[in-house]
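Fold and geometry: a report
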Amino acid sequence: IVPLLILCLIVNKCDKVFVYLGAIFGFLGDVLIIFKKQKAFFAVGSICFMLGHLFYMIQMYQVIGKVYYWHFIVFGIIALLLIIIGYNIVYEKIGKMTIVGVIYFSFLISTLFVAVTTNKPLIIFGTFTFVISDVILSFVNFFKPTVRRKELYVMSTYILAQTLMILALM
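This report concerns the structure included in the present document. (Residues numbered from 1 in each chain as written. Predicted model: local features only at pLDDT ≥ 70, side-chain atom pairs only at ≥ 80, totals over all residues. Heavy atoms only, no water.)

Some words on the packing of aromatic side chains
For any pair of aromatic rings, the description rests on two quantities: the centre-to-centre distance and the angle between the ring planes. Spelled out, the test is: Aromatic pairing here means that ring centres of Phe, Tyr or Trp (its six-membered ring) are within 6.5 Å. Orientation follows from the plane angle: under 30 degrees is stacked, over 60 is edge-to-face, and everything else is tilted. Numbered from the N terminus, helices here are DSSP runs of H or I no shorter than four residues, and strands are runs of E no shorter than two.
Applying the stated criterion across every chain, the model contains 6 aromatic pairs. Aromatic side chains Phe-130 and Tyr-158 sit 6.1 Å apart centroid to centroid with 65 degrees between the ring planes, which places their arrangement in the edge-to-face category. Of this pair, Phe-130 sits in helix α6 (residues 121-143) while Tyr-158 sits in helix α7 (residues 150-169), placing them 28 residues apart in sequence. Grouping aromatic residues by their ring pairs yields a cluster made of Phe-49, Tyr-56, Phe-130 and Tyr-158.

Some thoughts on the packing of helix α2 (residues 17-33) against α7
The relative placement of two packed helices is expressed as an angle between their axes plus a distance between the axes. Definition in use: Axes here mean lines fitted to C-alpha atoms, for a helix over just the part in contact, with angles spanning 0 to 180 degrees between N-to-C directions. Orientation labels follow simple angle bins: below 35 degrees gives roughly parallel, above 145 gives roughly antiparallel, 65 to 115 gives roughly perpendicular, and whatever is left gives oblique. In this scheme the handedness of a crossing depends on how the near helix is turned from the far one: anticlockwise by less than a right angle means left-handed, clockwise means right-handed. Contacts between residues were defined by any pair of non-hydrogen atoms, one from each residue, lying within 4.5 Å. Each residue gets one label: Ala, Val, Leu, Ile, Met, Phe, Trp, Tyr, Cys and Pro are nonpolar, Asp, Glu, Lys and Arg are charged, and the others, such as Gly, are polar.
Where α2 contacts α7, the axes come no closer than 10 Å and their chain directions differ by 165 degrees. Regarding the angle of α2 to α7, the classification is roughly antiparallel. As α2 packs across α7, the resulting crossing turns out to be left-handed. On α7, the residues that touch Val-19, Ala-23, Gly-26, Phe-27 and Asp-30 of α2 are Tyr-158, Gln-162, Ile-166 and Leu-169. Here the contact of α2 with α7 is composed, by residue class, of 6 nonpolar, 2 polar and 1 charged.

A short note on α2
Selection rule: To estimate the expected span of a helix, count its residues, drop one, and scale the result by 1.5 Å. A 1.4 Å probe rolled over the protein chains alone gives each residue an accessible area, and that area as a share of the maximum for its type sets the label: buried under 20%, exposed over 50%, partly exposed in between.
With 17 residues, α2 should cover 24 Å at 1.5 Å per step; its first-to-last C-alpha distance of 24 Å lies within 8% of that length. Along α2, the residues classified as buried are Val-19, Tyr-20, Gly-22, Ala-23, Gly-26, Gly-29, Asp-30, Leu-32 and Ile-33.

Next up, the structure:
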């Protein structure tokens, strides 16, 4: 789906490089996360997703028109809180991957924070949908519940999030 969304950007002559980069790194994360049994691939895939969110966030700052440096303080506080709380809660389940996951989620929550400051409902909803998708994905992969059609929930929210984000930022 993401390559089709990138094609949509090209066809619509989108000139926003950070939207392309966000989509490309999202796609790279998709490809790498397929090998979830290989922890290194999963970690690099998570980093690609984080970079994708970073590029979307940069584009959001362009929508806002300026960078608020106090956002970085908020990001630091969120990261610190998630590291303290999250690390203790999930370390038993995911071991060494905990730090990657905690940093990723603190970054994702910070992206949501920046999205809210844009005052653009489509950007906010797209970012919120990314949060939902990643919570479902993490829960399914690390806590291994017996949920029927879990891939449907993960992929439908992920596809919706990518589509909303790309359409909102292009």
